[in-house]
Amino acid sequence: MSFKPVYIVDGSRTPFLKVRNKRGPFSAADLAVQCARAMMLRQPFAATELSEVIVGCAAPSPDETNIGRVVGLRIGTGDKVPAWTVMRNCASGMQAIDSAINNIQNGRANLVLAVGTDALSRAPLLFKDEMVDWLSTFNGARSFGQKLTALKKFKLNYLGPVIGLLKGLTDPVVGISMGQTAENLAYKFNITRTEMDSFSARSHARSIAAQNQHAFKAELTPVIDAKGALYAEDDGVRADSTVDKLAKLKPVFDRPSGNITAGNSSQVTDGAACLLLASEEAVKQWNLKPIGKITDTQWAGLDPSEMGLGPVHASVPIMQRNNLSLDDLDLWEINEAFAAQTIACLRAFNDEQYCQEHFQSPAIGTIDENKLNVDGGAIALGHPVGASGARIVLHLLHALKQRQLQRGMAAICIGGGQGGAMLIETIQE
């Protein structure tokens, strides 16, 4: 196939900050701006030279409408550089990258800043429908008597808040939560609670090892809040996330008999990640030193009730059209929405019946787990929905370069029954 390479010149991400039952110190735009500013300062050109800014965000706040434009102006692009926002649930950051790729390949752009960001701690609290209806009636009342009549109909339970984040994590078509889709996959592939907890403990252990080895240093940009507090590292990684401790947690989504817990699910988190993408012409014009390139991408759709298998459905077509086997890929990043979901992907790749049914292919094979999420994943680091798709692409590239490897696949599941994947290659200095 003909796929004009798009180069990754640079990238950065903020620390991923775990939500702790209160509003976090940064908005989604704050995180994106601090992340992008630091990266742009390393470039031989000003932000005004960008062709465009594309920001993926699943839950921007009401005062950050078209957050892409907000970020662009705040990093100094000036009025003439266009900016826009994309949203594909968990893959919003990956969609920003893919949208940049499309515009670079068709000649409409040469230098694009692609960002993924979300501040889930600032997801809104909403009024119940009954409260909205009552407020409409009360505000529409013209006389004192009408207002008094409306007041008599008010009920205290109208004041109970609706948590916007929980509504967003419930599929509106099949009517189940993302956690329940993971329960579905655990049942489908006979994944035990112990297997889930073991996978989760390993995610934390690998992330701790990566922190100790400074494996995230090349991609992390510390951020500073309005009070001057510094946030330098991912703060959700736990050394005490052992199998024994995780086994004590109660199920969250399918009580009392389910197996998906807070401990074997991705953490609710705030964070941003950005990549600077360039055409070959821009690389030559600015004498840039790319660190990698994206050589193929794929989006896929599947049953929303099994959305966690999206990485399989997106990555298999890439492997098929590039004549790649699992052994040809040096590393994998599969976003860990849930331990059960990631394990289910591994089993689906190696399931003869599943591969024949969905890909008209024999079983794809077994992914060497020593190649998968080698520095941990979203269970330990967190999953700021809009940012994760960009983070796994960025980290995959750095993980490959640190190990002097060449090629890897970044793949993510998407609420609503989709998957996204990108084939990445390093450019060694």
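Quick look at the structure, then. (Residues numbered from 1 in each chain as written. Predicted model: local features only at pLDDT ≥ 70, side-chain atom pairs only at ≥ 80, totals over all residues. Heavy atoms only, no water.)

1. A look at helix H13 (residues 352-359)
Burial in H13 covers these residues: Tyr-354, Cys-355 and Phe-359. Projected down its long axis, H13 carries its buried residues within an arc of 95°, all on one side. Exposed residues pointing more than 90 degrees away from the buried face of H13 are listed as Gln-353 and Glu-357. N-capping of H13 is provided by Asp-351, with a side-chain oxygen placed 3.1 Å from the backbone N of Gln-353. A positive phi of about 50° marks Gln-360, the residue just after H13. (Buried < 20%, exposed > 50% of the residue type's maximum accessible area, 1.4 Å probe, protein only. Helix = DSSP H or I, 4+ residues; strand = E, 2+ residues; numbered from the N terminus. Arc of directions from axis to C-beta. Polar contact = N/O pair within 3.5 Å; in protein donor to acceptor, adjacent residues only side chain to side chain.)

2. Re the packing of helix H11 (residues 310-321) against H13
Relative orientation of the contacting elements H11 and H13 amounts to 75°, with a least axis distance of 12 Å. Put simply, H11 runs roughly perpendicular to H13. Contacts between H11 and H13 involve Val-312, His-313, Val-316 and Gln-320 on the former and, on the latter, Tyr-354, His-358 and Phe-359. For the contact of H11 with H13, a count of residues per class yields four nonpolar, three polar and no charged. (Axes fitted to C-alpha atoms, helices over the stretch in contact; angles between N-to-C directions. Parallel < 35°, antiparallel > 145°, perpendicular 65-115°, else oblique. Contact = heavy atoms within 4.5 Å. Nonpolar A, V, L, I, M, F, W, Y, C, P; charged D, E, K, R; others polar.)

3. Description of the pairing of strand S1 (residues 6-13)
In the case of a regular strand, side chains alternate between the two sheet surfaces. Taken across its eight residues, S1 has eight buried, putting it largely inside the fold. Looking at chain direction, S1 and strand S11 (residues 292-301) are connected through three bridges and run antiparallel. Considered in S11, the bridge of Tyr-7 is made with Lys-293. In terms of strand pairing, S1 meets strand S10 (residues 269-278) through six bridges, oriented antiparallel. Bridging across to S10, Asp-10 finds its partner in Leu-276. (Pairing = 2+ DSSP bridges.)

4. Looking at the pairing of strand S4 (residues 83-86)
Of the strand pairs in this sheet, strand S3 (residues 52-56) and S4 are connected by four bridges, and their pairing is parallel. Paired with Ile-54 across the bridge in S4 is Trp-84. Once the chain exits S3 it traverses helix H2 (residues 67-74) before rejoining the sheet at S4, and the crossover so formed is right-handed. (Right-handed = clockwise from strand over helix to strand, strands pointing away.)

5. Section: the side chain of Ser-12
Topologically, Ser-12 is positioned in strand S1. Judged by its relative accessible area of 1%, Ser-12 is buried. Within the local environment of Ser-12, its side chain forms a polar contact with the side chain of Thr-221, the two groups lying 2.4 Å apart. With sequence-adjacent residues up to four places away left out, Ser-12 is seen in contact with Cys-35, Met-39, Arg-42, Glu-219, Thr-221, Ala-273, Cys-274 and Leu-394.

6. Re the packing of aromatic side chains
Going through the model one piece at a time under the given rule, you end up with nine aromatic pairs. Clustering of aromatic rings is evident, with ring pairs tying together Trp-134, Phe-138, Phe-154 and Tyr-158. We note Arg-13 situated over the ring of Phe-216; from NZ or CZ to the ring centre the distance is 5.3 Å. One residue, Arg-88, lies across the ring of Trp-299, its end atom 3.8 Å from the ring centre. (Phe/Tyr/Trp six-rings, centres within 6.5 Å; stacked < 30°, edge-to-face > 60°. Lys NZ or Arg CZ within 6 Å of the ring centre and 35° of its normal.)

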